[in-house]
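Chains, contacts and geometry: an overview
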Amino acid sequence: MPAELTTLHFTDIHEDTDKLAITKQYASKVDVVFFTGDIMEGHPTGNNTTIDRVIKQIQETIHTPDIIELSKQSNEILKKYVSDGKVDKDAIEEEDRTKLVALNEEINILAEKKIEEGDLLGKILKAPKQTYQTLETSFQEIAKIAPVYGILGNHDLTLAYEHIDSITFLETTKEARIKGKTGIEFIIKGDLNTWEVPPAWSQQPLIYEAFKEHLIPYISGNSIDNLDEKIKQALKTGNENSASNLQSAKDNKDNIKAWQDQERARLGDTDADIYLTHKLPDCDKARRTYGFATGDITREYSANAKSVLGGHFHDGQIGYKTIPTLLEAANDNETIEVDGNVVPLIKIDKDEPWQLNAGTEYFFIASYNKEKDIEHVDVYQYTYETAA
């Protein structure tokens, strides 16, 4: 019996247009395409991605001969006080200390002037805009074949909403309704569910200043229960640091509660058949995670879904296992033919939910029946041939 709905799910492309080209080739096999975040690459890679171009722009604007010369003068002074590979700040003489302060002030004044006159913040912001505009061309090619629904990831900026028109972003609307082959309606909902701010903009003041008006709500990945635990620990410890942590946790709790109330108003009932989120609700059962495993909204609104689709972790996930773990355990004696290829048939535990993260190396084609349950998932791997 043919599937009621056939879907393609991929995630975390990080500006890889080759993956979009391959995905396009398979879009005609499905009724709908799902994408679960990280269109942009938030780390410097050396491959001319967004942050590479941003860093280059900063260097060209600030690392000019006059500032380089002043930095050299400062370093020459500091060399006199190096001991065991480190500068002994306490040993710096008053005269040299005064010179260093003057040099640093001159460097800062020059840098600020260059930043303002060169419109550096505007130039920094131009890089992600160009990235999204370029990738929109590839997403459009897929959307011509099958509708694309998605969410953003922690490497993304809300600029995507302005420049990517071919994806219906589920975090900006209540839901989408998709009809299967016999007219059965699937309700699709989603939220962001991520707290990880890439270091490129959390630790770089200029990049943060340029991006700050376009950051996704990173509180989406937080949990009230986790914050309550932090508050308990802070009260129990009772030192100065714990008092600071206590106030921070309380402030965050108020902000998160307000944001979660807005999300509940947006999403309405917990009636999604398919739920999209950047991080799966049980991502921590497949691997070790740090900080909050999942936010409250994802946990709450994906609870009744027949399948939950996510990303973020590059090793992928099916049920409670990573894709590499499943492949290692594959029984070669049990096989199935897919697209003319004989491949291992992998069965997951019947008690494991259909939580799917395609990771960075794979994409999934899933078949849903009339009860809206997944019958099976075909796992495809992105492969590249080296040009001769």
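Above this text sits the structure in question.
The following paragraphs examine the structure supplied in this document.

Concerning the environment of Leu 157
Within the fold, Leu 157 resides in the loop between β5 (148–151) and α6 (159–163). Linking Leu 157 and Ala 330, residues 173 residues apart in sequence, is a C-alpha distance of 38 Å. Leu 157 has contacts with Met 40, Pro 128, Tyr 132, Leu 152, Phe 211, His 214 and Leu 215, leaving out every residue within four places of it along the chain.

Some thoughts on the sheet that holds strand β8 (residues 185–191)
Taken in spatial order, the six strands make up an open sheet running β7-β8-β9-β10-β14-β11, and their pairing is mixed. Both outer strands of the open sheet, β7 (176–179) and β11 (317–318), are each paired with one neighbouring strand and no more.

Some words on the layout of surface pockets
Empty space within the largest pocket amounts to approximately 680 Å³. Around the largest pocket, the lining comprises 24 residues; the ones closest to its centre are Pro 344, Ile 346, Val 377, Asp 378 and Val 379. Looking at the lining of the largest pocket, the elements with two or more residues in it are α12 (323–328), β12 (335–338), β13 (341–344) and β16 (374–381). The greatest single-element share of the lining of the largest pocket, amounting to seven residues, is contributed by β16. A class-by-class count of the residues in the lining of the largest pocket yields 17 nonpolar, three polar and four charged.

Notes on the packing of helix α3 (residues 65–79) against helix α4 (residues 94–117)
Where α3 contacts α4, the axes come no closer than 10 Å and their chain directions differ by 160°. Taken together, α3 and α4 sit at an angle that is classed as roughly antiparallel. In terms of crossing hand, the pair formed by α3 and α4 is left-handed. Contact residues: Asp 66, Ile 67, Leu 70, Ser 71, Gln 73, Ser 74, Ile 77 and Leu 78 in α3; Asp 96, Lys 99, Leu 100, Leu 103, Asn 104, Glu 106, Ile 107, Leu 110, Ala 111 and Lys 114 in α4. Looking at side-chain class alone, the contact of α3 with α4 contains nine nonpolar, four polar and five charged residues.

With respect to the nonpolar core
The biggest cluster of nonpolar side chains holds 55 residues, and the ones touching the most others in it are Phe 10, Val 33, Ile 39, Phe 139 and Phe 211. Sorting elements by how many residues they give to this core places helix α5 (residues 120–143) first, with eight residues. Val 32, Leu 170, Ile 178 and Leu 276 belong to the second largest nonpolar core, which has 24 residues in total.

Here we look at the packing of aromatic side chains
Following the criterion strictly, the structure yields eleven aromatic pairs and no others. Residues Phe 10 and Phe 35 carry aromatic rings whose centres are separated by 5.0 Å and whose planes lie at 55° to one another, so their mutual orientation is tilted. One end of the pair, Phe 10, is in strand β1 (residues 5–10); the other, Phe 35, is in strand β2 (residues 32–36), and 25 residues separate them in sequence. Ring geometry for Phe 363 versus Tyr 380: centroids 5.0 Å apart, planes at 5°, classification stacked. Note that Phe 363 is positioned in strand β15 (residues 362–368) and Tyr 380 in strand β16, a separation of 17 residues in sequence. Of the residues examined, Phe 363 reaches a relative accessible area of 1% and is grouped as buried. One aromatic cluster is present, built from ring pairs that chain together Tyr 26, Phe 363, Tyr 380 and Tyr 382.

Quick notes on the packing of helix α2 (residues 50–62) against α5
In the contact formed by α2 and α5, the axes pass within 9 Å of each other and the chain directions differ by 160°. What the angle tells us is that α2 and α5 run roughly antiparallel. As for the relative orientation of α2 and α5, their crossing is right-handed in sense. Residues Thr 50, Arg 53, Val 54, Gln 57, Ile 58, Thr 61 and Ile 62 of α2 touch α5, and the partners they reach there are Leu 120, Lys 123, Ile 124, Ala 127, Pro 128, Gln 130 and Thr 131. Across the contact of α2 with α5, the residue classes tally to seven nonpolar, five polar and two charged.

Rules behind the numbers
Residues numbered from 1 in each chain as written. Predicted model: local features only at pLDDT ≥ 70, side-chain atom pairs only at ≥ 80, totals over all residues. Heavy atoms only, no water. Helix = DSSP H or I, 4+ residues; strand = E, 2+ residues; numbered from the N terminus. Contact = heavy atoms within 4.5 Å. Pairing = 2+ DSSP bridges. 1 Å grid on protein atoms, 1.4 Å probe; cavity = no way out; pocket = protein on both sides within 12 Å on 5 of 7 lines; lining within 4 Å. Points joined across faces, edges and corners; volume = space filled by probe spheres on them. Nonpolar A, V, L, I, M, F, W, Y, C, P; charged D, E, K, R; others polar. Axes fitted to C-alpha atoms, helices over the stretch in contact; angles between N-to-C directions. Parallel < 35°, antiparallel > 145°, perpendicular 65-115°, else oblique. Left-handed = near helix turned anticlockwise from the far one by under 90°. Core = buried A, V, L, I, M, F, W, Y, C linked by side-chain atoms within 4.5 Å. Buried < 20%, exposed > 50% of the residue type's maximum accessible area, 1.4 Å probe, protein only. Phe/Tyr/Trp six-rings, centres within 6.5 Å; stacked < 30°, edge-to-face > 60°.

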